[in-house]
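Structure assessment
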Amino acid sequence: MRQLTVQLEERSYPILIGSGLLAQAPRFFEQYGLTKKSPLLIITDANVAPKYLSTLEQTLSTAGFTVVSAVVPAGETSKSLSVYQDMMTAAIEGKLDRSSAIIALGGGVVGDLAGFVAATYMRGVKFVQVPTTILAHDSSVGGKVAVNHPLAKNMIGAFHQPELVLYDVDTLQSLPPRDVSAGLSEMLKHGLIRDEAFAHWCEEHAEQLLALDPEALGYGLERGCGIKAEIVSRDERENGERALLNLGHTIGHAIEAIAGYGEFLHGEAISIGMAGSALLGEKLGAPAGLYDDTVRMLRALRLPVTLPSHLGTEALMEAMMHDKKFREGHMVFIIPDHIGAARIVKDVPVSDVIEVIELLKKGD
């Protein structure tokens, strides 16, 4: 088992990565402060529930925990205020109290939704992230939880750190190939912003990662989580450095909003956004070749790097204006200077962004 710690003083918590961890969940839950005296609410989705919910319910119940569960539709549409209200109803009807905990069993959508329920139920209860996707190695760490508004992604949210991230890599073996690639997008992102050697490692080991080779996957998840944990430990509430983790997200979130959270998986949208950020980087002084190198790495992981022509430039720009990273009339982007280093640029010319959007539509 691999173990990391997100260092946040009294709110520090471990990330446990390994095989067979779901079966050991009761031991870890007790070790990290969850009580058997109050009910737990497991929130999961319709894709994950048939695979892992009954196993986790039975394991916890056998160990003496009282468990209630709620299953939401799979996909980004479940990060809505209406589904959030349904989960609050499930918590109330399940008689959760201030000593209870919410368990997020699933990918990033479930983690964000369950975490926001935990942050707001009775003004905040404990929660545990139990990710079942590669993509969730990013979203399960750091305590950013949210639901979407029809006009903007993640606009309604909070910072609420988990007690524990329990990452059973066995659950990743059932992922479809497209979801594997989408998850690896965020893994590569961590290398692109902070660790050049790791970014090249992701490219060199792309086939092993895509094949879910346990050794390669274990190292990749550990290093990806480790980079995020290091940054979060220094900037929990995104007052500075943590914003670097948004590489590719300004364009990526706009793609998701315009495409309706269906045409592209999150990691695919972020991949296109990272290609766009590399183009912006070259426009703002980064060495020539940054875009080509970034695109080559993304393609090695079988990720998209171009925009379909039917996504209108005007609509994408409008969506970016609603993004949290649009401030005081300026476009804020995370811009790479080279592979392994990025910076926050708070006044990117709108004309440059429009030009990049058009270039992304043309591709090569």
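Residues numbered from 1 in each chain as written. Predicted model: local features only at pLDDT ≥ 70, side-chain atom pairs only at ≥ 80, totals over all residues. Heavy atoms only, no water.

Within an unreviewed UniProt entry, the label attached to the protein chain reads 3-dehydroquinate synthase, and the organism entered is Paenibacillus amylolyticus. In its Function (unreviewed entry) section, the UniProt record describing the protein chain reads: "Catalyzes the conversion of 3-deoxy-D-arabino-heptulosonate 7-phosphate (DAHP) to dehydroquinate (DHQ)." Here is the UniProt Sequence similarities (unreviewed entry) comment for the protein chain, exactly as written: "Belongs to the sugar phosphate cyclases superfamily. Dehydroquinate synthase family." (UniProt positions renumbered as here; feature names shortened; annotations may be inferred.)

Read from one edge of the open sheet, 7 strands run 1-2-9-6-5-3-4, paired in mixed fashion. In this open sheet, the two strands that pair with only one neighbour each are strand 1 (2–6) and strand 4 (67–72). Within the sheet, the average angular offset between the axes of one strand and its neighbour, ignoring direction, is 15°. The strands that helix 3 (residues 81–93) touches are strand 3 (40–45) and strand 4; relative to strand 4, the one it contacts most, it runs at about 165°. (Pairing = 2+ DSSP bridges. Helix = DSSP H or I, 4+ residues; strand = E, 2+ residues; numbered from the N terminus. Axes fitted to C-alpha atoms, helices over the stretch in contact; angles between N-to-C directions. Contact = heavy atoms within 4.5 Å.)

This brings us to the nonpolar core. If you look at soluble globular proteins, the nonpolar side chains tend to sit buried side by side. Ranked by internal contacts, the top residues of the largest apolar core, which has 78 residues, are Ile15, Ile134, Leu221, Ile255, Met320 and Phe333. With 25 residues, the next largest nonpolar core counts Phe116, Val117, Tyr121 and Val125 among its residues. (Core = buried A, V, L, I, M, F, W, Y, C linked by side-chain atoms within 4.5 Å. Buried < 20%, exposed > 50% of the residue type's maximum accessible area, 1.4 Å probe, protein only.)

Now for the UniProt feature "binding site: Zn(2+)" (unreviewed entry) in the protein chain. When the UniProt feature table is mapped onto this chain, "binding site: Zn(2+)" (unreviewed entry) is found at Glu186, His249 and His266. Spatial clustering of the annotated residues is evident: they stretch over 81 residues in sequence, but the largest pairwise C-alpha distance comes to 10.5 Å. Residue placement: Glu186 occurs in helix 6 (residues 177–194). A relative accessible area of 1% means that Glu186 is categorised as buried.

Here we take up the packing of helix 11 (residues 266–283) against helix 14 (residues 350–362). Axis separation between helix 11 and helix 14 bottoms out at 10 Å; the angle between their running directions is 125°. Judged by the inter-axis angle, helix 11 sits oblique to helix 14. For helix 11 against helix 14, the interelement crossing comes out right-handed. In contact with Ile272, Ala275, Gly276, Leu279, Leu280 and Lys283 of helix 11, helix 14 contributes Asp352, Val353, Glu355, Val356, Leu359 and Leu360. (Parallel < 35°, antiparallel > 145°, perpendicular 65-115°, else oblique. Left-handed = near helix turned anticlockwise from the far one by under 90°.)

In this section: the packing of aromatic side chains. All chains considered together, the criterion is met by 5 aromatic pairs. Aromatic pair Phe198 and Tyr219: ring centres 6.1 Å apart, planes at 75°, arrangement edge-to-face. Note that Phe198 is positioned in helix 7 (residues 196–204) and Tyr219 in helix 9 (residues 214–234), a separation of 21 residues in sequence. Judged by relative accessible area, Phe198 falls into the buried class, the value being 1%. By relative accessible area, Tyr219 is classed as partly exposed at 33%. Within the aromatic cluster, the residues linked to one another by ring pairs are Phe198, Trp201 and Tyr219. Sitting over the face of the ring of Phe28, Arg27 holds its NZ or CZ atom 4.3 Å from the ring centroid. Sitting over the face of the ring of Phe65, Lys36 holds its NZ or CZ atom 5.7 Å from the ring centroid. (Phe/Tyr/Trp six-rings, centres within 6.5 Å; stacked < 30°, edge-to-face > 60°. Lys NZ or Arg CZ within 6 Å of the ring centre and 35° of its normal.)

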